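Here are the chains, one letter per residue:
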Amino acid sequence: MATLTLTTAGSLLLAAPVPADADTEPVTRQEAEGPALDLRPAKSPASTARQAFTAPVPDLSDASRGYPREQQLPADPVNPADASLKLGLTPYHAIAPKLNALQRLGERVSVEVAGRSAGGHRLYLVTVTAPETARQTREQTRMRELIENAPAVAAKDPRIQAAYKTPVFVNSNIHGNEWEGTDASLKLIERLATANDARTRDLLAHSRLYFNISANPDGRIAGTRANANGFDLNRDFVTASQPEARAMRQIMVDKQPAVLLDLHGYVNGTLIEPTTPPHGENYEYDLFLKHTYANALGMEAAVNGLGYTPGKDGVAPAQIPFRDQEEGWDDWPPIFTPQYAAFHGAVAAHTIEIPLRVNNDAYDTLPQRELRRRAAINVAVAGATLDATLDYVRDKRRSLVADQIEVFRRGAAGAAQVPVSEETVPGVPGIGPEDVYTTTFPRAYVIPAGAAQRSPTAAARLVGHLLANDVRVSRAVHSFRLSGRWYAKGSYVVDMRQPKRGLANVLLADGRDISDKVSVMYDISGWSLGRLWGATVEPVQGLSRVLLHPVREAAGVGYVAPRGDLRLRLHDPREVAALNSLLAQGVRVRQASDGSALVPGSARRQAAAAARTYDVAFDATRLTGGTPLTRVRVAAAVTSGELFALREMGFEVTPVSAGVLNAGFDWSAVDVLFVSAGLAYDDLNPAARKALGRFLDGHGLVGRGAAGAALNADAGLLPVKPVEGNGDANGVVRVVNSGGRITGGAPGHSFVYAPVWFTDLGRGVRVEQSYATGNPLVSGHWRALPDGTGGPAAAAGRASVVSGAHAVLFGTEPLFRDHPKGEFAQVGRALFTLATR
């Protein structure tokens, strides 16, 4: 097969355009991407959650084979409902045949399956490079490993300077209804597969180009931003809850890209990062800005050089936020692909927002001819950014690799960060004090073992997560003393003198309150897993005379006391899942007054199986009494993250909404209602209101946020006044727990987004948790509103979680995007508590 024809809409470029938004004013993420929070009620099936929990991530670092690595991909059934077809773009079912044909064009194209999506679709990684023998591939692997593991040595290695192939990663279609990056990548791969000019030969002899063809096939097919679980994958890199995010993470770990493009849409004119402040404080930002800005200029010239104009085509000139905006498009949180990639050594990494909108309302309302005209322009624009980037890689490959080595060298040596300035980053104009963000790294983090560890299960999960992110973790061979305190043998230590110290710190540190830095943030501004995952994590400033052994996986903590009755503490989602598994088997479990679960010794065999499966500990107990627990069936009008978290904890969940209730709902099939989104009393018809009232007369409501509090008020359950804080506020907050069945043993930190608190507490209301006094915000962005209300001072000391006979209300976000796992159990306990009253 000499050529391969790709589906495009190029023939439609002469069609008269429907006027497009060619506004040249700077565009914020809020304007480009819509609200940060998706408040639609989740409805994904349980099967997609199971796929997310179990989907394996292949090891892509295989050095035993050379390139190309060809395979015949099985064809997918033709799907005439694929949303790409309307735009004249490549439907998902056509990707495998195209990749098969591309592999037949020569010896430069390889295809591997990098995993499966939540919906079960294959994720394709294409590598384009000059052919390599197995020996040459082993040599490339040796150099890559030397760059990360011995960067000071790598910096002086002439072989690396001469022969190492610069890794470049192109990530397309992470938002499913931003399609065109996939088609631009396929067009480029076809050209590179056969081009015989000197520049192409030189590029492929000295580079490996990796293409994640569609990072979100579920969304590509359905025409949705999110995957089949309702997750925005470009917000999932901190937790990697979804299989697609884990696949992208593994690509970055195994391939170690120096350059990354993440192809998105839609901002007119084309938006090309680097970003406005605030900049992530854990980056080696001087090296990152140096290349990201220079490459952006080349991409801008290439895009503008296509000749599209506002008047003729509806296309505005490209924009670079760092240069053209003051704020509104930041790189503060590590949840976005380019920002996360920087921690794996990417020194030029960009979000690219191609110009002409074809999704959402445009997809539904514009003529197909106009949609295809726009899509063709978008493919061309994305292609221009790819071509310009490859030109930059050709010209700057030695500098790119040298600066990646320097990122890792600074980490391994414990060197200070270099603040950006016009002197430290020459050639980048306009750098000011507003761009300077650095941090002070601790010498190490200790995750204690023994009695000092609040949750061994949470600690093991956190260690596993660090290792999956390529963060190095060791374990103490003996007990040791640091900073005036003893740590038990078996404690984990994260030595911050390691190549990827920035990623270690971004996951474990408290973070920073940046409320005074910019007026508003688009998405999360605080994310500390050290505070939010439920494990005890302590920074230390010394690490002398501690004998450590590197670990490849966390030690299991599953345990069952050999005699007597058993106690499961319910501090962690895995413990809640273990409890639900026992209840599903008919084990008679009771809930103690402190919220823990009491399991009879006669169920030791079932407990042992649960301990192995969920890696939890069943300790011996002499506690008696307690309230009998039963399997809890939950009706949930909640966000996608909350639905996923409920299923992770093993609850039997039926998604509901106002529409579902209005159509008639069988309330006899559920025990508790959980509401945070998509269910307002005013949206219910009379019959649905009556049925809901009957249910709540004898059952319970767990409400979260403003929507949950509003339904509580309309149902007349809990006499409280909810107060809404600044709707843009988010971050890690200090809280004070009251103990008892819901917050007994809960962490002293929680997470908020659009925080709520409760005042005017009536009779029978119990305060389960309060925001701490003073300023409760530890890290994030939380300002008062212009009238002085809604800020952290107004929330200080106020109730954040309240309960009564038939309701529990949360003003925090304990299940946010599968993120604050240390708070999950509070919701699990609330559901059990209400179901037993």
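These remarks concern the structure in this document.

About the thresholds
Residues numbered from 1 in each chain as written. Predicted model: local features only at pLDDT ≥ 70, side-chain atom pairs only at ≥ 80, totals over all residues. Heavy atoms only, no water. Helix = DSSP H or I, 4+ residues; strand = E, 2+ residues; numbered from the N terminus. Rg over C-alpha atoms; globule rule 2.2 N^0.38 Å. Buried < 20%, exposed > 50% of the residue type's maximum accessible area, 1.4 Å probe, protein only. Contact = heavy atoms within 4.5 Å. Areas by Shrake-Rupley, 256 points an atom, 1.4 Å probe, with all protein chains shown as cover. Lys, Arg positive; Asp, Glu negative; His and termini not counted. Charge placed at Lys NZ, Arg CZ, Asp CG, Glu CD. Pairing = 2+ DSSP bridges. Expected span 1.5 Å × (residues − 1). Bend = angle between axes of the 7 residues up to and from the residue. Phe/Tyr/Trp six-rings, centres within 6.5 Å; stacked < 30°, edge-to-face > 60°. Axes fitted to C-alpha atoms, helices over the stretch in contact; angles between N-to-C directions. Left-handed = near helix turned anticlockwise from the far one by under 90°. Nonpolar A, V, L, I, M, F, W, Y, C, P; charged D, E, K, R; others polar. Polar contact = N/O pair within 3.5 Å; in protein donor to acceptor, adjacent residues only side chain to side chain. Salt bridge = Lys/Arg side-chain N within 4 Å of Asp/Glu carboxyl O. Parallel < 35°, antiparallel > 145°, perpendicular 65-115°, else oblique.

## Considering the overall build of the protein
Counting its regular elements, the protein contains 28 helices and 34 strands. The globule rule puts the C-alpha radius of gyration for 837 residues at 28 Å, and the 27 Å found for the protein is close to it. In terms of principal-axis extent, the alpha carbons of the protein reach across some 80 × 70 × 55 Å. In the protein, buried positions account for 61% of the 837 residues. Counting only contacts in the protein whose residues sit at least 6 apart along the sequence, the fraction spanning at least 24 positions is 80%. Summed over its atoms, the accessible surface of the protein is roughly 29500 Å², and 51% of this surface lies on carbon and sulfur atoms. Within the protein, one finds 88 positive and 85 negative side-chain charges whose respective centroids are separated by 8 Å.

## What to know about the sheet that holds strand β3 (residues 166-172)
Pairing between the strands of a sheet comes from backbone hydrogen bonds, and it takes one of two forms, parallel or antiparallel. Read from one edge to the other, the open sheet built from seven strands follows the order β1-β2-β4-β3-β5-β9-β6, with strand pairing classed as mixed. The open sheet has two edge strands with one neighbour each: β1 (109-116) and β6 (271-272). For strand β2 (residues 122-128) and strand β4 (residues 207-212), the ladder comprises four bridges, and the chain directions are antiparallel. Bridge pairing links V126 to F211 in β4.

## Let's talk about the environment of A691
Tracing the backbone through its elements, the reader meets A691 in helix α24 (residues 686-698). Separated by 222 residues in the primary sequence, A691 and N469 place their C-alpha atoms 48 Å from one another.

## Considerations on the sheet that holds strand β22 (residues 627-629)
Taken together, the six strands give an open sheet; going across it, the order is β17-β21-β18-β20-β19-β22, and neighbouring strands pair in mixed fashion. The strands lining the two open edges of the sheet, one partner per strand, are β17 (559-560) and β22.

## Looking at helix α16 (residues 368-413)
With 46 residues, α16 should cover 68 Å at 1.5 Å per step; its first-to-last C-alpha distance of 57 Å lies more than 12% under that length. When the local axis directions of α16 are compared, the greatest deviation, roughly 80°, occurs at K396. Taken from the residues just after α16, G414 is the one with a positive phi, measuring 70°.

## Details of the side chain of S770
Take S770: it is sitting in strand β31 (residues 766-771). Looking at S770, the relative accessible area reads 15%, which means it is buried.

## Topic: unusual backbone geometry
Note the cis peptide between N268 and G269, where omega equals 5°. Tracing the sequence through the fold places G269 in the loop between β5 (259-265) and β6. With an omega of 0°, the peptide bond between P277 and P278 qualifies as cis. Looking at the element boundaries, P278 is found in strand β7 (residues 276-279). The phi angle at Q256 is positive, at roughly 55°, despite the residue not being glycine. A positive phi is found at D760, a non-glycine position, where the angle reads about 50°.

## Digging into the packing of aromatic side chains
Across all of its chains, the model carries 19 aromatic pairs by this definition. With a centroid separation of 5.1 Å and 20° between ring planes, the pair formed by F237 and Y340 is classed as stacked. Linking F237 in the loop between α9 (217-222) and α10 (243-255) with Y340 in helix α14 (residues 337-342), this pair joins segments that are 103 residues apart in sequence. For F237, a relative accessible area of 2% gives the class buried. Overall, Y340 belongs to the buried group, its relative accessible area being 1%. Taking 5.3 Å as the distance between ring centres and 45° as the angle between the ring planes, the aromatic pair formed by F651 and F832 counts as tilted.

## With respect to the packing of helix α20 (residues 573-584) against helix α21 (residues 604-614)
Between two packed helices, both the angle of their axes relative to each other and the distance between the axes serve to describe the pair. At their nearest, the axes of α20 and α21 sit 10 Å apart, and the two run at 145° to each other. Helix-helix and strand crossings are classified by hand; for α20 and α21 the assignment is right-handed. Along its contact with α20, which presents R574, A577, A578, S581 and L582, the element α21 presents Q606, A607, A610 and Y614. Classifying every residue of the contact of α20 with α21 gives six nonpolar, two polar and one charged.

## Brief notes about the side chain of Q256
Its location among the elements puts Q256 in the loop between α10 and β5. Of the residues examined, Q256 reaches a relative accessible area of 0% and is grouped as buried. A polar atom in the side chain of Q256 sits 3.4 Å from the backbone oxygen of R144. With sequence-adjacent residues up to four places away left out, Q256 is seen in contact with R144, I147, E148, P167, I251, H344, Q404 and F408.

## Focus: the pattern of salt bridges
Summed over the entire model, instances satisfying the criterion amount to 47 salt bridges. Its salt-bridge partner being R512, residue E281 comes within 2.8 Å of it at the nearest N-O pair. Pair noted here: E281 is in the loop between β7 and α11 (285-304) and R512 is in the loop between α18 (501-508) and α19 (529-532), with a separation of 231 residues, a long-range link. On the basis of relative accessible area, E281 is assigned to the buried category, the value being 9%. With its nearest N and O atoms 2.7 Å apart, the salt bridge here joins R531 to D510. Of the two residues, R531 is situated in helix α19 and D510 in the loop between α18 and α19; the sequence distance between them amounts to 21 residues. R531 sits in the partly exposed class, given a relative accessible area of 32%. The structure contains a network of salt bridges with shared partners spanning E33, E178, R225, D232, R235, D523 and R817.

## Concerning the pairing of β2
For β2, the tally of buried residues reaches seven of seven residues, placing the bulk of the element in the interior. Side chains R122, Y124, V126 and V128 of β2 all project onto a buried face; the interleaved residues L123, L125 and T127 project onto the opposite face, where all are buried too. Two elements, β1 and β2, share seven bridges in a ladder whose sense is antiparallel. For E112, the partnering residue across the bridge sits in β2 and is L125. Taken together, β1 and the strand that follows it, β2, pair antiparallel across an intervening segment of five residues, in which G120 is found at a positive phi of about 90°.

## Overview of the packing of helix α8 (residues 198-205) against α16
Orientation of α8 relative to α16, taken along the N-to-C sense of each, is 70°, at an axis distance of 10 Å. Looking at the two axes, α8 sits roughly perpendicular to α16. Crossing of α8 against α16: the hand is left-handed. Residue-level contacts link R199, D202 and L203 of α8 to L390, D391, V393 and R394 of α16. Its residues assigned to classes, the contact of α8 with α16 shows three nonpolar, no polar and four charged.

## Some words on the environment of A150
The residue A150 is located in the loop between α4 (134-149) and α5 (151-154) in this model. Residues A150 and Q498, 348 residues apart in the sequence, show an inter-C-alpha distance of 9.9 Å.

## What to know about the environment of T239
Among the secondary structure elements, T239 is positioned in the loop between α9 and α10. Assessed through its relative accessible area of 8%, T239 is described here as buried. In the structure, T239 is positioned 525 residues away from G764 in sequence and 38 Å away in space, judged by C-alpha atoms. Excluding residues that lie within four positions of it along the chain, T239 makes contacts with H465, W533, R817, D818 and H819. At 3.2 Å, the side chain of T239 forms a polar contact with the side chain of D236.

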